[in-house]
Amino acid sequence: MKAIFLCLILFIPFVANGEEEQKGEERKIEMPPLHHIVKVKPPEGMQVPKKFPLNDRGEIDCKTCHGIKDIATTPVDQVDKKADNFHRGGPYKALSDFCHHCHKKKGYERPNIHKLLDDKGEIDEKDCEYCHKEAPDLKKEIKRDELEFRLPPQKLCFGCHLKTPHLNALNHQVKPDKKMRQHMRAAEKKLKIILPLDEDGKVMCATCHAPHQLGVIDKNKPAGRQVADTDLDKGVSYVEHPWGRVFQLDKKARLDVLAEQDGTVHTLSYQRIKTEVLLRLSAKDGSLCQACHEFDK
Ligand code: HEC
Ligand code: HEC
Ligand code: HEC
Ligand code: HEC
Ligand code: HEC
Ligand code: HEC
């Protein structure tokens, strides 16, 4: 599969206009043959890491992928391809490791650790021990403070997911005030769910997300109640909203400022969630948000 992926790019001949073009000179940059596509905006859903700077139009450009100064104006045969930073963030053991900074390795490579049940609905304790020090015994009553993890639970997700997998994930990792905590405890009771906080009382990924595939934990237990209107192969998906264009234009100026500040480009659209999975409550109908927030009606 990886081979197919790599082959694809090797058949994209490409000639690009470089920085000169902007300076008004007409000289074209002779790109290496079969080179990766350049000067395109990352599509929705692609998260280009911060250390891969986009150009000022928010596109991938020479400096995004190459840490070599003035690569665009250096003749191809004089570029030091062995330099560590030739591929930004390198050297890499495998070129595919470089590609995977931007291209999701959906399914193959980084295992989808959430798929915990096999065809027969059985678990493999080894999978549990990716996160848990010891696989919890599902037949026993488990007290939360007896759970032991290989990393603090608020850090378990970061080897595989970004710290900002989506808008608002980061600014949610704070301590709810007393009023919100009371509201949360009431929601937990009423809706028979859990909204666990980390050891400092802060919201973490697992506060909103159930880490386990539906059915691993008994659905009648609060920790086992979760939203899953699709399977883990499909995952969370979205539909474009007719207002999307308006929303984008509206936010554009602000996002451009943000992009300048932190070097990333935020493509944002007004989308609605279509399918949900691994959530403790539905966000589609607002019930997740309302378990913590009290909005004015
Ligand atoms: C999306 C990432 C990406 C962008 C953007 C990018 N490159 Fe590359 N470039 C690569 C990769 C990957 C290779 C190496 C391919 C290989 O080793 O098979 C490469 C190879 C090269 C090489 C060496 C080719 C050779 O002869 O071996 C040069 C020179 C180069 N790029 C110049 C540029 C210039 C100039 C730009 C901007 C106009 C640019 N690149 C933009 C990813 C990128
Ligand atoms: C800095 C981010 C970045 C890196 C690193 C990167 N790509 Fe891309 N790649 C992109 C973007 C952005 C596009 C264009 C958007 C799209 O079509 O998905 C793209 C498109 C592609 C395409 C489709 C090209 C087309 O014409 O539609 C292939 C194939 C591809 N990349 C393979 C690779 C391979 C192989 C590597 C590693 C050698 C790699 N990419 C590294 C960002 C990146
Ligand atoms: C991706 C990481 C991850 C994997 C893999 C994982 N768990 Fe968990 N599990 C967690 C986290 C995080 C919590 C704690 C939530 C909290 O703070 O209450 C948890 C809590 C639990 C609980 C306690 C639920 C309760 O009643 O509060 C049980 C039981 C459990 N896991 C069983 C399992 C089993 C069995 C497996 C393997 C089939 C497994 N887990 C795999 C992350 C994981
Ligand atoms: C071993 C790697 C690994 C770990 C650790 C991990 N995940 Fe994932 N997770 C994945 C993969 C692979 C997917 C599939 C989708 C993708 O490629 O992003 C995924 C998907 C998800 C999804 C979205 C479902 C979808 O496909 O749209 C959520 C939500 C999620 N993970 C939350 C978490 C949380 C919360 C934790 C920590 C408790 C965590 N993950 C830990 C690998 C991991
Ligand atoms: C306040 C609740 C909340 C917190 C905290 C939160 N998420 Fe999410 N997450 C959501 C909701 C709601 C969705 C689905 C819809 C959306 O993207 O808004 C989602 C979607 C996802 C997806 C699927 C995105 C996609 O487009 O495929 C992943 C992966 C994910 N979360 C991982 C994480 C990780 C990792 C953390 C911790 C760093 C985290 N989330 C923290 C509420 C939360
Ligand atoms: C587990 C509790 C919890 C859930 C669930 C939750 N939030 Fe929050 N949210 C917080 C906390 C804590 C803050 C930070 C304190 C504050 O601003 O009130 C916050 C802040 C916010 C902010 C302000 C962010 C900022 O930059 O100041 C917005 C907007 C928001 N939440 C929207 C949502 C939406 C939409 C959902 C549902 C998808 C949601 N929240 C779900 C706890 C939660």
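**Q** How should I be thinking about the overall build of the chain in this particular structure?
**A** The number of helices and strands found in the chain is 9 helices and 2 strands. Along the chain, from the amino end to the carboxyl end, the secondary structure elements read α-α-α-α-α-α-α-β-α-β-α. Residue pairs in contact within the chain that sit at least 24 positions apart in sequence constitute 55% of those at least 6 positions apart. As presented, the chain carries roughly 20500 Å² of accessible surface, and 56% of it is formed by carbon and sulfur atoms.

**Q** How should the site of ligand 1 be read in this particular structure?
**A** As a matter of local geometry, ligand 1 sits amid 18 residues, with His35, His36, Cys62, Cys65 and His66 nearest to it. Contact between ligand 1 and His35: a nitrogen atom at 2.7 Å from a side-chain N or O atom of the residue. Between a nitrogen atom of ligand 1 and a side-chain N or O atom of His66, the distance comes to 2.7 Å.

**Q** Explain the nonpolar core here, please?
**A** It is characteristic of soluble globular proteins that their nonpolar side chains tend to be buried jointly. One finds Met184, Ala187, Ile193, Leu195, Leu197, Val203, Val227, Leu279, Leu281, Leu288, Ala291 and Cys292 forming the largest nonpolar core, which totals 12 residues. Sequence-distant contacts of Leu288, defined by excluding residues within four places in its chain, comprise Cys208, Leu279, Leu281, Ser282 and Ala283. Listed in part, the 6 residues of the second largest apolar core include Leu54, Ile60, Phe98 and Cys102.

**Q** I tried to follow the pattern of salt bridges on my own but got confused; where do I start?
**A** Opposite charge on two side chains permits pairing when their charged atoms draw close. Applying the stated criterion across every chain, the model contains 9 salt bridges. In this structure, the salt-bridge partner of Lys69 is Asp70, at a minimum N-O distance of 3.7 Å. Exposure remark for Lys69: the relative accessible area of 69% places this residue in the exposed category. Put simply, Glu148 and Lys133 hold a salt bridge, and the shortest N to O gap is 3.6 Å. Residue Glu148 is located in the loop between helix H5 (125-128) and helix H6 (178-191), and its partner Lys133 is located in the loop between H5 and H6; the two are separated by 15 residues in the primary sequence.

**Q** Just to check I follow, could you spell out the side chain of Gln154 for this structure?
**A** Residue position: Gln154 is located in the loop between H5 and H6. Given the relative accessible area of 16%, Gln154 is considered buried. Those residues in contact with Gln154 that sit more than four places away from it in its chain are Asp198, Glu199 and Met204.

**Q** Help me understand the coordination of the iron atom of ligand 2, please; the structure alone is not making it clear to me.
**A** Put simply, a metal with four donors set out as a tetrahedron has ideal angles of 109.5 degrees, and one with six donors set out as an octahedron has ideal angles of 90 or 180 degrees. Coordination of the iron atom of ligand 2 by the protein comes from His36 (NE2) and His103 (NE2), over a distance range of 2.0 Å. Overall, His36 belongs to the partly exposed group, its relative accessible area being 28%. On the basis of relative accessible area, His103 is assigned to the partly exposed category, the value being 28%.

**Q** Would you mind showing me how to read the environment of Leu278 here?
**A** Locating Leu278 in the fold gives a position in the loop between strand S2 (271-275) and helix H9 (287-290). With 64 residues separating them in the primary sequence, Leu278 and Leu214 have C-alpha atoms 7.5 Å apart. Among residues more than four places away in sequence, those in contact with Leu278 are His114, Cys208, His209, Ala210, Pro211, His212, Gln213, Gln226, Val227 and Leu232.

**Q** Can you help me understand the site of ligand 5 in this one?
**A** In the neighbourhood of ligand 5, 19 residues make up the surrounding shell, with His166, Cys205, Cys208, His209 and Tyr238 lying closest. A distance of 2.7 Å separates a nitrogen atom of ligand 5 from a polar atom in the side chain of His209. Split by residue class, the shell around ligand 5 holds 13 nonpolar, 5 polar and 1 charged.

**Q** Explain unusual backbone geometry to me, please; I cannot follow it from the model alone.
**A** Generally, phi is negative for residues other than glycine and the peptide bonds are trans, each holding for most cases. The omega torsion across Gly90 and Pro91 is 5 degrees, close enough to zero to call that bond cis. With respect to the helices and strands, Pro91 occurs in the loop between helix H3 (62-65) and helix H4 (95-99). One non-glycine residue, Asp70, lies in the positive phi region at around 55 degrees. Tracing the sequence through the fold places Asp70 in the loop between H3 and H4. Exposure remark for Asp70: the relative accessible area of 48% places this residue in the partly exposed category.

**Q** Where do I start with the confidence of the model for the chain in this structure?
**A** Should the pLDDT be low somewhere, the predicted coordinates at that spot are not to be read in detail. Of all residues in the chain, 75% have pLDDT values of 70 or greater, and the mean over the chain is 80. Confidence scores differ between elements of the chain, with helix H1 (residues 2-9) showing the lowest mean pLDDT of 34 and H6 the highest of 97. Low pLDDT, under 50, characterises residues 1-27; the predicted model gives this stretch 40 contacts beyond four residues in sequence or across chains.

**Q** Even after reading the chapter, I still don't get the side chain of Arg280, so can you show me in this structure?
**A** The topology assignment puts Arg280 in the loop between S2 and H9. There is no salt bridge for the buried Arg280, and the closest opposite charge comes from Glu188, which lies 7.7 Å off by N-O distance. Only 2.9 Å separates the side chain of Arg280 from the backbone oxygen of Ala206, close enough to count as a polar contact.

**Q** What should I look at first to understand the packing of aromatic side chains in this one?
**A** Here the distance between the centres and the angle between the planes together describe a pair of aromatic rings. If you walk through the whole model with that rule in mind, you get 2 aromatic pairs. A ring pair is formed by Phe52 and Phe98, whose centres lie 6.0 Å apart and whose planes are at 45 degrees; its orientation type is tilted. Within this pair, whereas Phe52 is found in the loop between helix H2 (19-23) and H3, its partner Phe98 is found in helix H4, the two being separated by 46 residues in sequence. An identical accessibility class is assigned to Phe52 and Phe98; each is buried. Each residue in the set Phe52, Tyr92 and Phe98 is aromatic and connected to the rest through ring pairs, giving one cluster.

Thresholds applied
Throughout, a residue's number is its position along its own chain's written sequence, starting from 1. Each chain gets a letter, beginning with A, and each ligand a number, beginning with 1, in the order they are written. Per-residue local features are limited, in this predicted model, to residues with pLDDT of at least 70; the limit for side-chain atom pairs, both in listing and counting, is 80 or more; totals at the level of whole chains, interfaces and linings are taken over all residues. Side-chain figures throughout are based on the complete set of non-hydrogen atoms in the structure, without hydrogens or water. Each helix corresponds to a stretch of at least 4 residues labelled H or I by DSSP, and each strand to a stretch of at least 2 residues labelled E; elements are numbered beginning at the N terminus. Two residues qualify as a contact provided that any one of their heavy atoms is within 4.5 Å of a heavy atom in the partner residue. Only the protein chains shown count as cover for residues, with accessible areas throughout obtained via the Shrake-Rupley method and a probe of 1.4 Å. Definition of nearness: a residue and a molecule or strand are near each other if at least one heavy atom of the residue lies within 4 Å of the molecule or strand. Any N or O atom pair separated by 3.5 Å or less is treated as a polar contact, with the protein-specific requirement of one donor-capable and one acceptor-capable atom, and with residues adjacent in sequence counted only for side-chain atom pairs. Here, nonpolar core means buried Ala, Val, Leu, Ile, Met, Phe, Trp, Tyr and Cys residues that are tied together by side-chain atoms lying within 4.5 Å of each other. Each residue gets one of three labels from its accessible area relative to the maximum for its type: buried under 20%, exposed over 50%, partly exposed in between, using a 1.4 Å probe on protein chains only. Each reported salt bridge corresponds to a side-chain nitrogen of Lys or Arg within 4 Å of a carboxyl oxygen of Asp or Glu. Donors, by definition, are the N, O and S atoms found within 2.8 Å of a metal, the threshold being 3.2 Å for Na, K and Ca, and water is not counted, so a site can look incomplete. Nonpolar residues are Ala, Val, Leu, Ile, Met, Phe, Trp, Tyr, Cys and Pro. Charged residues are Asp, Glu, Lys and Arg, and all others, Gly as well, are polar. Confidence of the prediction at every residue is given by pLDDT, a number between 0 and 100. In this tally, Lys and Arg are treated as positive and Asp and Glu as negative; His is ignored, and so are the chain termini. Each Phe, Tyr or Trp ring, with Trp reduced to its six-membered ring, pairs with another whose centre is within 6.5 Å; inter-plane angles below 30 degrees give stacked pairs, above 60 give edge-to-face pairs, and intermediate values give tilted ones.

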